[in-house]
Amino acid sequence: LLLYTESLGLDTIQKNNLIWTQKIRDALEKDNIVPYFQLIYDNAAGAVVKYEALMRMIDDGKVVTPFYFLEIAKQTKLYTSLTKRLMTKVFESLKGKTYEVSINITLEDICSLEIKEHLSALLQEYPIGSQIIFEIVESEGIQNFDEVIEFIAIIRTHGCRIAIDDFGAGYSNFERLTELRVDFIKIDGSLIKNIHQNEETKIIVKTIVNFAKELNIKTIAEYVHSNEVLMCVNEIGIDYAQGFYIGKPHPELPTNAQ
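Everything numeric here is computed off the predicted structure, so don't read it as measured data. (Residues numbered from 1 in each chain as written. Predicted model: local features only at pLDDT ≥ 70, side-chain atom pairs only at ≥ 80, totals over all residues. Heavy atoms only, no water.)

Moving on, we get to the overall build of the protein chain. In terms of helices and strands, the protein chain carries 10 helices and nine strands. Its C-alpha atoms give the protein chain a radius of gyration of 19 Å, within 12% of the compact-globule value 18 Å for 258 residues. In terms of overall dimensions, the protein chain has a C-alpha envelope of 50 × 45 × 40 Å along the principal axes. Out of the 258 residues in the protein chain, the part that is buried amounts to 50%. Within the protein chain, contacts between residues at least 6 apart in sequence are counted, and of these 69% link residues at least 24 apart. (Helix = DSSP H or I, 4+ residues; strand = E, 2+ residues; numbered from the N terminus. Rg over C-alpha atoms; globule rule 2.2 N^0.38 Å. Buried < 20%, exposed > 50% of the residue type's maximum accessible area, 1.4 Å probe, protein only. Contact = heavy atoms within 4.5 Å.)

Structure follows, in structure tokens:
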């Protein structure tokens, strides 16, 4: 699959943009933008209790990740349509289910009136706010801070909760976390993937976990890819684990809690 990169020639980039723009339009028209759900494991309970909803495009029967199309969607003003479609599908998927599901949300989404209005309509139509966790992508940095605070206050009135995604990936502002009063910190996979082999990384993660415990914030380890990593995550006291060792993304939410 061809994707956007600065190293491509200009003609190739333009052709690539046109191809993927049409693929995105077709996927929206044919309702082929769908959520895939990845398990989040409760380390203390020994059970799967949450899922993360991840955007996927179905293209000629193939499942395509946003890696291939999200940047082009932003360039061609189709990103908002993708986000709205995914949010709608996630809410629909939770009908009759009791799972908690997290949805990634960017600062661009938080600042978009169209997305906020769509989200408000969904929360009124589906009274399941207590099952929804919004993951703010932390690596982007927290700008437009007042707008983020206002967004969090509004969704909390519906019972929704907030996670900071990719914490520890470059930008990590502990002071801002106390102001945001988040419910979860997702520790970035770059810190987790070799934690069983790297003592310095383990010290950094322990610092994050201890800080979170002091503020009664739950922690989630991303990129748990082996039993050795899971054992280390448990030893440190991280509350939840997510990664291919726990389970790969799946197109359906199970009917009953596991």
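Core analysis: the largest hydrophobic core is formed by 73 residues, its most contacted members being F134 and I192. When near neighbours in sequence (up to four residues on either side) are disregarded, I192 contacts I187, V205, A221, E222, Y223, V224, V229, V233 and I238. Grouped together as the second largest cluster of nonpolar side chains are six residues, I133, A163, F184 and I220 included. (Core = buried A, V, L, I, M, F, W, Y, C linked by side-chain atoms within 4.5 Å.)

What follows is about the pattern of salt bridges. Oppositely charged side chains may form a pair once their charged atoms are brought near each other. Under the defined criterion, the tally for this structure stands at 12 salt bridges. We note a salt bridge from R85 to D31, for which the minimum N-O separation is 3.3 Å. Here the residue R85 occupies a position in helix α3 (residues 79-93), and D31 occupies one in the loop between α1 (10-29) and β1 (33-42), the gap between them amounting to 54 residues. In this structure R85 comes out as partly exposed when scored by relative accessible area, which is 25%. The partly exposed category is assigned to D31, whose relative accessible area is 39%. Salt bridges sharing partners connect three or more residues here, namely E52, E135, K186 and E222. (Salt bridge = Lys/Arg side-chain N within 4 Å of Asp/Glu carboxyl O.)

Turning our attention to the pairing of strand β8 (residues 218-221). The pairing of strand β7 (residues 184-187) with β8 spans four bridges and is classified as parallel. Within the sheet, the bridge partner assigned to I187 lies in β8 and is A221. In terms of strand pairing, β8 meets strand β9 (residues 240-241) through two bridges, oriented parallel. Paired with I220 across the strands is Y240, a residue of β9. Tracing the backbone out of β8, into helix α10 (residues 227-236) and back to the parallel element β9 gives a crossover that is right-handed. (Pairing = 2+ DSSP bridges. Right-handed = clockwise from strand over helix to strand, strands pointing away.)

What follows covers helix α5 (residues 113-125). Taking 1.5 Å of rise per residue, 13 residues should cover 18 Å, and α5 covers 18 Å from first to last C-alpha, within 8% of that figure. Of the positions making up α5, those classed as buried are I115, H118, L119, L122 and L123. Viewed along the axis of α5, the buried residues span an arc of 135°, placing them on a single side of the element. Residues of α5 that are exposed and angled more than 90 degrees away from the buried face: L113, E117, Q124 and E125. (Expected span 1.5 Å × (residues − 1). Arc of directions from axis to C-beta.)

Right, let's get into the layout of surface pockets. The volume enclosed by the largest pocket comes to roughly 1,000 Å³. Residue lining of the largest pocket: 36 residues in total, with E52, L54, R56, N104 and D165 positioned closest to the centre. Residue assignment for the lining of the largest pocket shows that the elements contributing at least two residues are β2 (47-59), α2 (70-75), α3, β4 (100-105) and β6 (161-167). For the lining of the largest pocket, the per-class residue count stands at 16 nonpolar, nine polar and 11 charged. (1 Å grid on protein atoms, 1.4 Å probe; cavity = no way out; pocket = protein on both sides within 12 Å on 5 of 7 lines; lining within 4 Å. Points joined across faces, edges and corners; volume = space filled by probe spheres on them. Nonpolar A, V, L, I, M, F, W, Y, C, P; charged D, E, K, R; others polar.)

Our next topic: the packing of aromatic side chains. What the rule picks out here adds up to eight aromatic pairs. Relative to F151, the ring of F134 lies with its centre 6.0 Å away and its plane at 75°, an arrangement referred to as edge-to-face. With F134 in strand β5 (residues 132-137) and F151 in helix α6 (residues 145-156), this pair connects stretches of sequence that are 17 residues apart. On the basis of relative accessible area, F134 is assigned to the buried category, the value being 0%. Pairwise contacts between aromatic rings join W20, F67 and Y68 into one cluster. When the ring centre of Y223 is taken as reference, the NZ or CZ atom of K193 above it lies at 6.0 Å. (Phe/Tyr/Trp six-rings, centres within 6.5 Å; stacked < 30°, edge-to-face > 60°. Lys NZ or Arg CZ within 6 Å of the ring centre and 35° of its normal.)

The contact between α3 and α5 brings their axes to 10 Å, and the two run at 10°. Overall, the two elements α3 and α5 adopt an arrangement that is roughly parallel. Along its contact with α3, which presents T80, T83, K84, M87, T88 and F91, the element α5 presents E114, I115, H118, L119, L122 and L123. Here the residues of the contact of α3 with α5 sort into six nonpolar, four polar and two charged. (Axes fitted to C-alpha atoms, helices over the stretch in contact; angles between N-to-C directions. Parallel < 35°, antiparallel > 145°, perpendicular 65-115°, else oblique.)

Geometry only, nothing functional implied.
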